[in-house]
Amino acid sequence: MPPETLGRHGPPADAAPLGGEEAEDLLRGICFKTGPPRTVGVELEWLIHDREQPEVAVSHDRLRAAADAVRATRLDAALTFEPGGQLELSSQPAGSLMACVDATAADLVSVRDTLGRAGLALAGLGVDPWNPPRRLLREPRYDAMEAALDRSGPAGRAMMCSSASVQVCLDAGEEEPGPLGYGRRWQLGNLLGAVLVAAFANSPFRQGRRTGWRSTRQALWAHLDPARSLAPQSRLAPRDAWASHVLATSVMCVRGDDGPWAVPDGLTFRDWIRGGGPRPPVRADLDYHLTTLFPPVRPRGHLELRMIDAQSGTDGWLVPLAVATALFDDPEAAETVYRTVKPLAETAGPASAPRNPLWTAAARDGLSDPELAAAAAACFTAALEALPRIGASDHVLGTVAAFHERYVARGRCPADDQPDPAQARAPYGKGLVR
């Protein structure tokens, strides 16, 4: 969640107020930018732990020093730090899966080397299993976010400061219908997403205790607030559904140059346009509002798949990247997986993801749920067949195959391998930090 700014914080003095029709037109125009799928990207969030004692919270001073050292490293990806000190690498859009994998892998070598010299390591876990949330970054954006999310309970602080993910970014798709059409890909994302949650669930513990969820991270996202983390209702066409959802969702904050940002309660963006806010909104306010919405699949011209827990091990991150890319961008695999996941809509029911029975089962049960296990097995088979067709290397193919054999083929997910952190501290940590 990198901080976007207008000038410094507030809107330009000469910016024209934004009207309702203009806002709807902008949203329909920017949310799904269509064309033949050809680019892929990945955003990797990591917890940072002490290499020898991962259960001991790293001091703020040590995290700040490590952040400065990593910032001085030459990277291809954009580097940001989350409110709790989590490190995020956002790759450049790549023309192929392998271009994305190679650039990201090279960046991770540099980051791990830099952190290693400070006795620190990246931890690929969806939620910190040991420590409570601690906010390191004190900025108006995060002060406002914390205040807004606190209204719905503690999930917001935990999400901000102690969670990490793999986010796969793919083109929205073609304008025309078909397996690569944007409408099909949008529907696919909101059904396949539950399968990805279940297959890659990797956060069964929080603050030293088992939570009852394979993906505690996804459970936290589902409980942020009444609407901010929801997918739009599916009864409308994708562009109309997203535009309506954006305007009907409450504004997290109103930015300004002086003092704390305003945190209105219950002010939707549509209400703001109609005069309900402290000042008229401008185009840049709408752009910023979009960054404060966290549905499982977020359309930002391309599609962000936001539902996958961070993965353990040196190469764990590349498995969800490779699987998602193959299933979305290979036409044969896309058609196969769509037929596989379409029946899951009946289990999901009318409620929006991630607050419906399908997504709840995925986060709670992982692949111990028989329906999700069967879907994951079919999806991984399709991905393994498609990866050579999209140019995946033997290493990528072998890494995905190993994950399939260890987990998916056995109805298991990474969360099932995590020992209780209260009973296995040093061995536990050393197996999960890299």
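Computed from a predicted model, the values in this text were never measured in an experiment.

A.B. asks: Would you take a moment to explain the overall build of the protein for this structure?
C.D. replies: Along the protein, the regular secondary structure elements total 17 helices and 9 strands. C-alpha extents for the protein along the principal axes are approximately 55 × 55 × 40 Å. Here the protein holds 434 residues, and the buried ones make up 56% of them. Once local pairs closer than 6 in sequence are excluded, the contacts in the protein between residues at least 24 apart make up 77%. When the accessible area of the protein is evaluated, it comes to approximately 16800 Å², of which 51% is carbon and sulfur surface. Each charge sign in the protein was given a centre, from 46 positive and 53 negative side chains, and these centres are 4 Å apart.

A.B. asks: Got a minute to help me understand the pattern of salt bridges in this structure?
C.D. replies: Side-chain pairs of opposite charge can arise whenever the charged atoms involved come near each other. If you walk through the whole model with that rule in mind, you get 26 salt bridges. Put simply, Asp416 and Arg214 hold a salt bridge, and the shortest N to O gap is 3.0 Å. Linking Asp416 in the loop between α16 (394-406) and α17 (425-432) with Arg214 in the loop between β7 (209-210) and α7 (216-222), this pair joins segments that are 202 residues apart in sequence. We classify Asp416 as partly exposed; its relative accessible area is 25%. What makes Arg214 partly exposed here is its relative accessible area of 24%. Close ionic contact of Arg300 with Glu304 constitutes a salt bridge, the shortest N to O distance being 3.5 Å. The class of Arg300 is partly exposed, set by a relative accessible area of 35%. Three or more residues joined by partner-sharing salt bridges are found here, namely Arg135, Asp143, Glu146, Asp150 and Arg157.

A.B. asks: Any chance you could explain the packing of aromatic side chains here in plain terms?
C.D. replies: Any two aromatic rings considered together are summarised by their centre-to-centre distance and by the angle between their planes. As enumerated under the stated definition, the model contains 9 aromatic pairs in all. For the pair Phe200 and Phe403, a centre-to-centre distance of 5.0 Å together with 35° between the ring planes defines the contact as tilted. Of this pair, Phe200 sits in the loop between α6 (182-199) and β6 (205-206) while Phe403 sits in helix α16, and the two are 203 residues apart along the sequence. Of the residues examined, Phe200 reaches a relative accessible area of 0% and is grouped as buried. A relative accessible area of 9% places Phe403 in the buried class. Aromatic pair Phe403 and Tyr407: ring centres 4.9 Å apart, planes at 55°, arrangement tilted.

A.B. asks: What's the story with α16 in this structure? I'm lost.
C.D. replies: Structurally, the α-helix is built with 3.6 residues per turn, so residues lying three or four positions apart point the same way. Helix length check: α16, at 13 residues, gives a terminal C-alpha distance of 18 Å against a target of 18 Å (1.5 Å per residue), a fit within 8%. All of the buried residues along α16 are Val396, Thr399, Val400, Phe403 and His404. The buried residues of α16 occupy an angular sector of 135° when projected down its axis, which confines them to one face. Seen from the buried face of α16, the exposed residues on the opposite side, beyond 90 degrees, are Asp394 and Glu405. The elements touched by buried residues of α16 are α3 (97-117), α6, α11 (318-329) and α15 (370-386).

A.B. asks: Could you clarify how one ought to interpret the confidence of the model for the protein in this entry?
C.D. replies: Any region with low pLDDT has predicted coordinates that should not be read closely. Per-chain confidence: the protein averages 93 in pLDDT, with 94% of residues scoring 70 or above. Within the model, pLDDT remains below 50 along residues 1-8, and this stretch shows 25 contacts once partners closer than five positions in the same chain are excluded.

A.B. asks: What is the right way to read the packing of α11 against α16 from this model?
C.D. replies: A pair of packed helices can be characterised by two numbers: the angle between their axes and the separation between those axes. Contact geometry for α11 and α16: axes closest at 9 Å, N-to-C directions at 100°. Comparing the axis directions of α11 and α16 gives the class roughly perpendicular. Residue-level inspection shows Leu318, Val319, Ala322 and Val323 of α11 in contact with α16, the latter providing His395, Val396, Thr399, Val400 and Phe403. In terms of residue class, the contact of α11 with α16 is made up of 7 nonpolar, 2 polar and no charged.

Here is what the cut-offs are and how they apply
Residues numbered from 1 in each chain as written. Predicted model: local features only at pLDDT ≥ 70, side-chain atom pairs only at ≥ 80, totals over all residues. Heavy atoms only, no water. Helix = DSSP H or I, 4+ residues; strand = E, 2+ residues; numbered from the N terminus. Buried < 20%, exposed > 50% of the residue type's maximum accessible area, 1.4 Å probe, protein only. Contact = heavy atoms within 4.5 Å. Areas by Shrake-Rupley, 256 points an atom, 1.4 Å probe, with all protein chains shown as cover. Lys, Arg positive; Asp, Glu negative; His and termini not counted. Charge placed at Lys NZ, Arg CZ, Asp CG, Glu CD. Salt bridge = Lys/Arg side-chain N within 4 Å of Asp/Glu carboxyl O. Phe/Tyr/Trp six-rings, centres within 6.5 Å; stacked < 30°, edge-to-face > 60°. Expected span 1.5 Å × (residues − 1). Arc of directions from axis to C-beta. pLDDT = per-residue confidence, 0-100. Axes fitted to C-alpha atoms, helices over the stretch in contact; angles between N-to-C directions. Parallel < 35°, antiparallel > 145°, perpendicular 65-115°, else oblique. Nonpolar A, V, L, I, M, F, W, Y, C, P; charged D, E, K, R; others polar.

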